[in-house]
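Understanding the architecture of this molecule
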Amino acid sequence: MSLMDYFRKEQTSTASIAKERLQILVAHDRVNSRGPDYLPKMQQELLAVIRKYIAISDDQVQVNLEQQGTASVLELNVMLPES
Amino acid sequence: MAKIIVITSGKGGVGKTTTSAAFATGLALKGQKTVVIDFDVGLRNLDLVMGCERRVVYDFVNVIHKEANLKQALIKDKRLDNLYILPASQTRDKDALDKDAVEAVLDELAEDFDYIICDSPAGIETGAQMALYFAEEAIIVTNPEVSSVRDSDRILGILQSKSRLAEQGKRVKEHLLLTRYNPTRVAAGEMLSVDDVEEILAVPLLGVIPESQAVLKASNQGVPVIHDDDSDAGQAYDDAVARYLGDERPHRFLEANKKGFLKRVFGG
């Protein structure tokens, strides 16, 4: 840090922005590519079933597959719109 | 029986071939009989980095097509007696490698060598998949940069699903090698740190190679950078090889050089 730097307004470091973007991206990529092959399709079909009853958008449903020891946990999160 | 190690990254230009040349040379320098194979069919470059481009007569694809035997195609390193190079073909099409034929070549090499280093091409196509299929261990070469880290994560996924060990329900042992690291930029918050990349990829760190002028100088001359033991990159590769073979060595070149007083006050 030089003296001149104290006068330049420093925003959040670009490295921390990169890290945050990567963490989100990698988590997302892993669900799609490392989970079983059926996961993306199942997500679509689950969404279709829920849509039969409730009007929701794609980003209101989250499907996560987590490895916990020897078991896999499938987590389904549906955000219901306020009615 | 030889140990098969793939040097891979997904993204191109991150230092796979530099690393393959340096790592194979490093193993040989430590007494291990080593062969390094260029899997980049059509874009052969390992021979240039190893400085044996004018001695290529037969190549990997010739051996696969039985136009030459392994003895004819293997090039002995000009500095080390226990280091050999199997160059890629320059002209054939990309799908020239098939799994069974590659396996036969690796089996034959395994009888004779301690280590087989597979220099993977970039991408996730046939060539890259062939390079990693038979690997027991993988060195993931990554730059502290978003696209490289993302591609490394993709390759890790492929390693643990499409390799032979994965098909047998086992895991390929992973090592992270961070290259082109610039501690000054990391300190300034302009570059992902070692800790950041380790945290995102969750792969044990084998070594950090600093961004170094020695790497270009070495490839200009066709001398693997690990021979340049005065250089930071050469020493960092030597550390990585020693660490791989079980030595405990602290990671170096992670801190920026301290600036002088005047530089600190006036910048620069």
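So, here's what we can say about the structure. Not measured: the values here are computed from a predicted model.

From N to C terminus, chain A includes three helices and two strands. Buried positions account for 19% of the 83 residues belonging to chain A. Here the contacts in chain A between residues at least 6 apart in sequence split such that 28% fall between residues at least 24 apart. A total accessible area of about 6,700 Å² is found for chain A, and carbon and sulfur atoms account for 55% of it.

Residues and elements named next belong to chain B. Taken as a whole and assessed by the stated rule, the structure comprises one cavity of 30 Å³ or more. Here the largest cavity defines a volume of roughly 40 Å³. Taken together, Gly207, Val208, Ala236, Asp239, Arg243, His251, Arg252 and Phe253 form the lining of the largest cavity. At the level of secondary structure, the elements contributing two or more residues to the lining of the largest cavity comprise β8 (205-210) and α12 (232-244). Here the lining of the largest cavity gets three residues from one element, more than from any other, and that element is α12. Classifying every residue of the lining of the largest cavity gives three nonpolar, two polar and three charged.

Residue and element names in this part refer to chain B. Counting across every chain of the model gives 14 salt bridges over all chains. For Arg249, the salt bridge is made with Asp238, and the minimal N-O distance between the two is 3.1 Å. Of this pair, Arg249 sits in the loop between α12 and α13 (261-266) while Asp238 is found in helix α12, placing the two residues 11 residues apart along the sequence. For Arg249, a relative accessible area of 27% translates into the label partly exposed. A relative accessible area of 25% places Asp238 in the partly exposed class. Residue Arg252 is joined to Asp239 by a salt bridge in which the shortest nitrogen-to-oxygen separation is 2.9 Å. With Arg252 in the loop between α12 and α13 and Asp239 in helix α12, the pair connects residues that are 13 residues apart, well separated along the chain. Residue Arg252 is classed as partly exposed on the basis of its relative accessible area, which comes to 35%. Relative accessible area serves as the criterion here: at 4%, Asp239 is assigned to the buried category. Residues joined by salt bridges that share partners form a network here, namely Lys30, Asp238, Asp239, Arg249 and Arg252.

As for its placement among the helices and strands, Met1(B) is situated in the segment before β1 (3-8). Beyond its immediate sequence surroundings of up to four residues, Met1(B) is in contact with Ala110(B), Phe113(B) and Asp114(B).

This part is about the packing of aromatic side chains. All names here are of chain B. On inspection of all chains with the given rule, the structure shows five aromatic pairs over all chains. Ring geometry for Phe39 and Phe60: centres 5.2 Å apart, planes at 85 degrees, overall edge-to-face. Of the two residues, Phe39 sits in the loop between β2 (34-38) and α2 (46-50) while Phe60 sits in helix α3 (residues 60-64), which places them 21 residues apart along the sequence. Each member of the pair, Phe39 as well as Phe60, is classed as buried. Among the aromatic residues, those joined into a ring-pair cluster are Phe23, Tyr115 and Tyr244. The ring of Tyr133 carries Lys99 above its face, with NZ or CZ at 3.9 Å from the centroid.

This brings us to the sheet that holds strand β7 (residues 173-181) of chain B. Residue and element names in this part refer to chain B. In space, the eight strands of this open sheet follow the order β3-β4-β2-β5-β1-β6-β7-β8, with mixed pairing throughout. Strand pairing shows two members of the sheet lacking a second neighbour, β3 (75-76) and β8, which therefore form its edges. With five bridges connecting them, β2 and strand β5 (residues 115-119) associate as parallel partners. Residue pairing across strands places Ile37 opposite Cys118, the latter belonging to β5. Sheet strands touched by α12: β1, β5, β6 (137-142), β7 and β8. Its angle to β8, the strand with the most contacts, is close to 170 degrees.

Residue and element names in this part refer to chain B. If you trace the backbone, Asn82 turns up in the loop between β3 and β4 (83-86). A distance of 3.0 Å separates a polar side-chain atom of Asn82 from the backbone oxygen of Ala28. Within the structure, Asn82 has its side chain in polar contact with the backbone oxygen of Gln32 (distance 3.4 Å). Leave out the neighbours within four places in its chain, and Asn82 touches Ala28, Gly31, Gln32, Lys33 and Thr34.

Analysis parameters
Residues numbered from 1 in each chain as written. Chains lettered and ligands numbered in written order. Predicted model: local features only at pLDDT ≥ 70, side-chain atom pairs only at ≥ 80, totals over all residues. Heavy atoms only, no water. Helix = DSSP H or I, 4+ residues; strand = E, 2+ residues; numbered from the N terminus. Buried < 20%, exposed > 50% of the residue type's maximum accessible area, 1.4 Å probe, protein only. Contact = heavy atoms within 4.5 Å. Areas by Shrake-Rupley, 256 points an atom, 1.4 Å probe, with all protein chains shown as cover. 1 Å grid on protein atoms, 1.4 Å probe; cavity = no way out; pocket = protein on both sides within 12 Å on 5 of 7 lines; lining within 4 Å. Points joined across faces, edges and corners; volume = space filled by probe spheres on them. Nonpolar A, V, L, I, M, F, W, Y, C, P; charged D, E, K, R; others polar. Salt bridge = Lys/Arg side-chain N within 4 Å of Asp/Glu carboxyl O. Phe/Tyr/Trp six-rings, centres within 6.5 Å; stacked < 30°, edge-to-face > 60°. Lys NZ or Arg CZ within 6 Å of the ring centre and 35° of its normal. Pairing = 2+ DSSP bridges. Axes fitted to C-alpha atoms, helices over the stretch in contact; angles between N-to-C directions. Polar contact = N/O pair within 3.5 Å; in protein donor to acceptor, adjacent residues only side chain to side chain.

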